[in-house]
Amino acid sequence: MRLRNVPGSEAIVGNSPFVVQEAGKTRGHWKAAFGNDHPIHIEVGMGKGKFLNTMAMGNPEINYIGIERYTSVLLRALQKMEENPLPNLLFICMDASELEQVFGEGEVSRIYLNFSDPWPKARYAKRRLPSRQFLARYDKILEPGGRIEFKTDNRALFDFAVEELEPAGWTARQISYDLHRDGKMMEGNVMTEYEEKFSSAGNPICKYIVYRTADFLQNNTESTTG
């Protein structure tokens, strides 16, 4: 269970040079914030930051932004950054519903959703990060050809996520219901804290990589005729 109340965490996050304060003012200018023209990848609901920290270390040509709602959770990621600062990694403390206020149209190249809160009650379905409501938000900030990668051990949530794609105008390029037994999709896989925990317990990990349907069809047509 995520820690949500650590005394002093709000002050630490609010004063950290690794956390973008008033992120809405940076909307449309994130490449300038990093000081380069590298593509921007974001993780929505980043948890303690292991995944993004590993990605940023291994891919200096990409800028990463981690989004986490809870200061007490984000605090763990800041501790890693203080030990080993990375110039291509920044954090934002905010609710995911505010994405369109923080990122401009087409400003993001890739979105990662890792082990998101399942919000199991039906009345909260629209709060699930792979829901059609959130897919509409991602559509606004992803560049043409941009993609979403989603991983979870929760099969019910994954089934829901797959069912949401078609009505929301998205198409899956790759789907696996047992990622760690899928050699192709495991290439370059970076595990999160939850992934390590659940996979070591024998839980199958599900993953999809999806594109807007229009982008997917265009790319397939070009590869066929090219």
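Before reading on, note that the structure itself is shown above.
This section reports on the structure supplied with the text. From a predicted model like this one, the values you see are computed outputs, not experimental measurements. (Residues numbered from 1 in each chain as written. Predicted model: local features only at pLDDT ≥ 70, side-chain atom pairs only at ≥ 80, totals over all residues. Heavy atoms only, no water.)

Looking at the overall build of the protein chain
Then comes step 1: Within the protein chain, the secondary structure is distributed over ten helices and seven strands.
Then comes step 2: Here the C-alpha atoms of the protein chain give a radius of gyration of 17 Å, agreeing with the 17 Å that 2.2 N^0.38 yields for 226 residues.
Then comes step 3: Based on the C-alpha atoms only, the size of the protein chain along its principal axes is roughly 50 × 40 × 35 Å.
Then comes step 4: Counting the 226 residues in the protein chain, one finds 46% classified as buried.
Then comes step 5: At a minimum sequence separation of 6, the contacts of the protein chain that also span at least 24 residues come to 76%.
Then comes step 6: If you sum the accessible surface of the protein chain, you get close to 11,400 Å²; carbon and sulfur atoms cover 49% of it.
Then comes step 7: The centroid of the 28 positive side-chain charges in the protein chain is displaced by 5 Å from the centroid of its 30 negative side-chain charges. (Helix = DSSP H or I, 4+ residues; strand = E, 2+ residues; numbered from the N terminus. Rg over C-alpha atoms; globule rule 2.2 N^0.38 Å. Buried < 20%, exposed > 50% of the residue type's maximum accessible area, 1.4 Å probe, protein only. Contact = heavy atoms within 4.5 Å. Areas by Shrake-Rupley, 256 points an atom, 1.4 Å probe, with all protein chains shown as cover. Lys, Arg positive; Asp, Glu negative; His and termini not counted. Charge placed at Lys NZ, Arg CZ, Asp CG, Glu CD.)

What to know about the packing of aromatic side chains
Then comes step 1: Counted according to the given criterion, the structure contains ten aromatic pairs.
Then comes step 2: Between Phe 115 and Phe 198, the ring centres sit 6.0 Å apart and the planes meet at 40°, which makes this aromatic pair tilted. Pair noted here: Phe 115 is in the loop between strand S4 (108-114) and helix H6 (132-141) and Phe 198 is in helix H9 (residues 193-200), with a separation of 83 residues, a long-range link. The residues Phe 115 and Phe 198 share a single accessibility class, namely buried. (Phe/Tyr/Trp six-rings, centres within 6.5 Å; stacked < 30°, edge-to-face > 60°.)

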